[in-house]
Amino acid sequence: MTELPIRSVVTGGAGFIGSHLVEYLLHRGDEVVVIDDLSTGSMANLAGVVAHPRFGFVEASILDRAAVLGEIDGADRVFHLAAAVGVRRIIEQPLDSLRTNIHGSENVLDACLAADASLLLASTSEIYGKNTSDALHEDSDRILGSPLKSRWTYAAAKGIDESFAHAYHLEHGLRVGMVRLFNTVGPRQTGRYGMVVPNLVGQALRGDPITVFGDGLQTRCFSYVGDIVPALVAIAERPEAYGQVFNLGGAEEVSILELAERIVARLGSTSEIMLVPYEQAYGPGYEDMRRRVPDNTRSGSLVGFVPRTSIDAIIDAVAEDLRTRTESPVPV
Ligand code: UDP
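Let me sum up the structure you'll find in this document. (Residues numbered from 1 in each chain as written. Predicted model: local features only at pLDDT ≥ 70, side-chain atom pairs only at ≥ 80, totals over all residues. Heavy atoms only, no water.)

With that out of the way, let us pick up helix α1 (residues 16-27). The end-to-end C-alpha separation of α1 is 17 Å, in line with the 16 Å expected for 12 residues at 1.5 Å each. Within α1, nine of the 12 residues are buried, leaving the element largely enclosed by the surrounding structure. Taken together, the buried positions of α1 are F16, I17, G18, S19, H20, L21, V22, L25 and L26. (Helix = DSSP H or I, 4+ residues; strand = E, 2+ residues; numbered from the N terminus. Expected span 1.5 Å × (residues − 1). Buried < 20%, exposed > 50% of the residue type's maximum accessible area, 1.4 Å probe, protein only.)

Structure below.
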């Protein structure tokens, strides 16, 4: 008797991380249905899998409760990646971001409960806010600014998602694990919503000024999508992860100024690096995180997660992707 494939649903599967996850799941033999409203994702990200016999696509928002319940009915497991993401989008459309990230997630949680499907919820390092400790542990305190500032609204909404998921686990036994992603980067990420690596690499390839916001001394630990995706699936498959949250971030702390310098050097670009005040970039009252460093011990212990890809390798992969992208050709 042949075994039936695992039926996975990926919300946000047409997005940057989601589309890599879909490829990985298909490769492992799953049947995969994507729910995506194509707001920030695109079918181009799924070009390699649309014809796959175990792949299905439904264009719907996670705010469409009937669609979410209908598609998740019969699923074995769900990866919930759909969200309003990107600092720029969140600032420009705070209401839509709040609704999607809170009510949309609630629909996904209800659907998983009704279908008795397990769930992996993608959360974010934004949760920690302005906590600049040496290494942010899953139990570290959150330091958030005013909820009237859109950036903190996003952090608040994702925090509610985690609390919701945790409560569904405690009160209803929902098999849900959570991950906090720290600046995941790689091919298919677009700079359109603010993300720094594709934005700066694109500028470097075009010879445009490289826009470093603030004094450029803020730091991040970029992680490569190819390191993150297998860890998402491994965590989803461990019952010990239910009711728990796991950091997944990069190993190398780098300032944005240093990142810009490395991009210029690596790509042999003629671009100049330009410091742009935050106010000019994001409008008045914008607050940035000075530093954000993950402690990956918990995910390392559970599933052996180790971020292996170097920043230089990430720059190369993103540059290669931008050079070959057909929708927005980049002169080289
Ligand atoms: N950033 C920048 N230039 C850009 C886009 C972003 O200097 O063109 C900065 C941004 O202010 C932040 C860092 O790069 O300090 C990372 O930004 P991103 O939006 O990628 O992620 P997040 O702020 O969520 O860490």
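Positive phi, normally seen in glycine, also occurs at L38, with a value near 60°. Along the chain, L38 falls in the loop between β2 (31-36) and β3 (55-59). Residues other than glycine seldom take positive phi values, yet N183 does so here, at roughly 40°. By the element assignment, N183 lies in the loop between β6 (176-181) and β7 (184-185). A relative accessible area of 22% places N183 in the partly exposed class.

Here the focus is the packing of α1 against helix α7 (residues 225-236). For the pair α1 and α7, the least separation of the axes is 10 Å and the interaxial angle reads 60°. When the axis of α1 is compared with that of α7, the two are oblique. When you trace α1 past α7, the crossing you get is right-handed. Between α1, through F16, I17, H20, L21, Y24 and L25, and α7, the contact on the second element is made entirely by V225, V229, P230, L232 and V233. In terms of residue class, the contact of α1 with α7 is made up of 10 nonpolar, one polar and no charged. (Axes fitted to C-alpha atoms, helices over the stretch in contact; angles between N-to-C directions. Parallel < 35°, antiparallel > 145°, perpendicular 65-115°, else oblique. Left-handed = near helix turned anticlockwise from the far one by under 90°. Contact = heavy atoms within 4.5 Å. Nonpolar A, V, L, I, M, F, W, Y, C, P; charged D, E, K, R; others polar.)

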